[in-house]
Each structure stands twice: as structure tokens, then as C-alpha cells.
Amino acid sequence: MSERTSADAAGGVTVLGLGAMGTALARTLLAAGHPVTVWNRTRARAEALAAEGATVADTPEAATAANPLVIVCVLDYAAVRQTLEPAAAALAGRTLVNLTNGTPAQAGETAAWATGHGADYLDGGIMAIPPMIGHPGATLLYSGSRAAFDTHQRTLERFGVAAYLDKDPGAAPLYDIALLSAMYGLFGGALHAIALVGPGEGRATEFTSTLLFPWLQAMMASVPEFARQLDTGDFDSRSANSNLAMQAAAFGNLFDTSEAAGVDPLLLRPMEQLLRRAVAEGHGDRDVPALGTLLRTERR
């Protein structure tokens, strides 16, 4: 471990933004022994952390000037700029870690702005909910300055697994959005399934624990093979078992059953449309991962 990284182990950190996530980040740092300076637009939230040892700054500029590592976690990138614009002069020589959810393009724009004011910049994606911060299961994605990540890695690991992706600051928000997309797809399918069985009187709980959750776990085991097929372009290895033409033909049963049960099949329609398109374009004898080739509007 370098002296620089070792010195960072309990160095001072500034946290800008004290919503549920920002508060969890600040509390985790305080619990680990870091001197923490906080700022929030609504001062009452900051004062609550003062009782736990945090220093409350009056302005974003004062908070930014207080420590070499500055973490901002607010509602969106517009709020990031609103928070940091008054503190731009204080950014020089500091590392700015932006843990606000946004897009790769927004990350690139913010990185250019921050580095233009003399800061090292890391963008991040938090793959956790606030109670998970600092506990097993939390993973945070980072991209941007590798030197900044290496310098502050031990501090960033206070929050959870710290995964550095790429020098492109847009990599972390891209992977964040990709993972959230998978999550929402899974949640949507699960909610539709539970609606079908008719929640109430414990039916949803029993169905989920005994059938739905084990089924989803078993199906998730196929995802690494999907990825391999998309990487290699080999979509025929499992087609004899469950090709797209067969699945498209049977998909109507999902609609008929849903409508008969009084459940809106709106969450199923995009997959049905994609299956029909795949068959129409000659992919009917291929496997499910071939659908992934139809989703991109441009080729890399």
C-alpha cells in the first residue's frame, strides 16, 4: 500500500447532499473514524449529523474547501451543478466523487467541468439502498480518474465493494443503468406473476417463497450463457429446446390468461412484440439471446 493510500485510510471527507443516501454515506464515514464535513440545502438534516461528530459547513464552498475528498450525492445532475457552481474555485487540487444517478453523457459533461476547475473526477453508481451502505451486499461502481480511485480506494471501500470500471467517466452510470434495467425487468415480471395468482390471504407470500423465487433463481442461471452467446454470436446451441418461433406462438397464452384474471398484460407486451419481430426477421430457429441483437439501434 502506498503512503498516499495509507494516509487516506482515515482522512477527512466532505459530503454534499444529505438525503437518505447521502446521510448513509456520511454516517458510514463517521463510524469508520473519518473527520466528516457536511452540507445540505436544508440545514436541519446537517445538524442531525453534527450530534454524531460531523462538522456542518454553511456553504458548499466552505464544505468543499475543508477536505481533499469531496463526495456529492444529490437528486440529479442539475442539482450537482447547482451545488458545485458556487464552490468551483475550491475544487482545485481536490478529488470530486459524484454518486448521483444520471446518464453517461451527463457524467462526461460534469467530468469536463470539474477537471476544468482543477479537480480529479470520479463518477459512481451505487448498487445498494441506503441501509446497505457499509454492510455486505453493497457495491459501488466507479469510473474516471484511476489515480483518484487508487488514492482514495480504502475510503471508498467503507461504503461497500468498490469496483473501478474504466477511465471513461460515463462507464459507471452506463453500468448502473444497465443493472437497474435488469432489476426493473425482474421486478416487473415478478409483480405480474404475483398479480396473476391473486394476492391476499397469504397466497402471494406462499407462491413467492415456494415457487416464484426458486423458479427465478433457476432461470437466472441461464444468464451467463446468454452473455456468452451474445459475445460469440452463437445463438443456435440451445434452439432445439426452446426456439423463438415456439415461444412466440405460445406467448398468446400469457395474454389470454392475464386478461381472464383481470390483470393488465402491459408488462408483457414489449417481449411479445420483440418475439414476433424476431420470427418475422428470420430468427425463429434461434435461442432467446438472439433477441438481444434486435435491441441495439446501432452496431458498435
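Fair warning: this is a prediction, and the values are worked out from it, not measured in the lab. (Residues numbered from 1 in each chain as written. Predicted model: local features only at pLDDT ≥ 70, side-chain atom pairs only at ≥ 80, totals over all residues. Heavy atoms only, no water.)

1. A short note on the overall build of the chain
We apply this condition: Helix numbers and strand numbers start at the N terminus; a helix is a DSSP run of H or I with at least 4 residues, a strand a run of E with at least 2. Relative accessible area decides the class of each residue, using a 1.4 Å probe on protein chains only: under 20% of the type maximum gives buried, over 50% gives exposed, and in between gives partly exposed. Between two residues, a contact is recorded if the distance between any of their heavy atoms is within 4.5 Å. Asp and Glu are treated as the negative residues and Lys and Arg as the positive ones, with His and the ends of the chain left uncounted. Note on charges: their place is set at NZ of Lys, CZ of Arg, CG of Asp or CD of Glu.
The helix and strand inventory of the chain stands at 15 helices and eight strands. For the C-alpha atoms alone, the extent of the chain along its principal axes is close to 65 × 50 × 35 Å. Scored against the burial criterion, the 300 residues of the chain give a buried share of 42%. Sequence separation of at least 24 residues holds for 61% of the intrachain contacts in the chain that already meet a minimum separation of 6. For the chain, the distance from the average site of its 21 positive side-chain charges to the average site of its 30 negative ones is 2 Å.

2. A closer look at the side chain of Asp176
Along the chain, the position of Asp176 falls in helix α8 (residues 171–197). Look past the residues within four positions of Asp176 in its chain and what remains in contact with it is Asn101, Gly125, Ile126, Met127 and Leu141.

3. Digging into the confidence of the model for the chain
What counts is decided by this rule: Each residue carries a pLDDT score, the predictor's own confidence in it, on a scale running from 0 to 100.
Averaged over the chain, the pLDDT score is 94; the fraction of residues at 70 or greater is 95%. In this model, residues 1–7 is a region of pLDDT below 50 whose contacts with residues beyond four sequence positions or in other chains number seven contacts.

4. A short note on the layout of surface pockets
Think of a ball as big as a water molecule: rolled over the atoms, this probe shows where empty space is left. The test is simple: Grid spacing is 1 Å over the protein atoms alone, the probe is 1.4 Å, and a cavity is where that probe fits but cannot get out, while a pocket is an open set with protein on both sides within 12 Å along at least five of seven lines and lining residues have an atom within 4 Å of a point. Grid points are joined across faces, edges and corners, and a volume is the space filled by probe spheres set on the points. The nonpolar class holds Ala, Val, Leu, Ile, Met, Phe, Trp, Tyr, Cys and Pro. Asp, Glu, Lys and Arg form the charged class, and all remaining residues, Gly among them, are polar.
Each pocket or cavity is described by its volume, and for the second largest pocket that value is around 160 Å³. Lining of the second largest pocket is provided by Leu186, Phe187, Ala190, Phe213, Leu216, Gln217 and Met220. The set of elements that each furnish at least two residues to the lining of the second largest pocket consists of α8 and α9 (203–220). Top contributing element to the lining of the second largest pocket by residue count: α9, with four residues. Per-class residue counts for the lining of the second largest pocket are six nonpolar, one polar and no charged.

5. Some words on the packing of α8 against α9
Here is the rule: Here the axes come from fitting lines to C-alpha atoms, over the contacting stretch only for helices, and the angles between their N-to-C directions go from 0 to 180 degrees. In this scheme, roughly parallel covers angles under 35 degrees and roughly antiparallel covers those over 145, while 65 to 115 is roughly perpendicular and the rest are oblique. In this scheme the crossing of two helices becomes right-handed for a clockwise turn of the near helix relative to the far one and left-handed for an anticlockwise turn of less than a right angle.
One way to put it is that α8 packs onto α9 with a least axis distance of 10 Å and a crossing angle of 135°. Judged by the inter-axis angle, α8 sits oblique to α9. In this structure, α8 meets α9 at a crossing whose hand is right-handed. Residue-level contacts link Leu186, Ala190, Ala193, Ile194 and Val197 of α8 to Arg203, Ala204, Phe207, Thr208, Leu212 and Leu216 of α9. Its residues assigned to classes, the contact of α8 with α9 comprises nine nonpolar, one polar and one charged.

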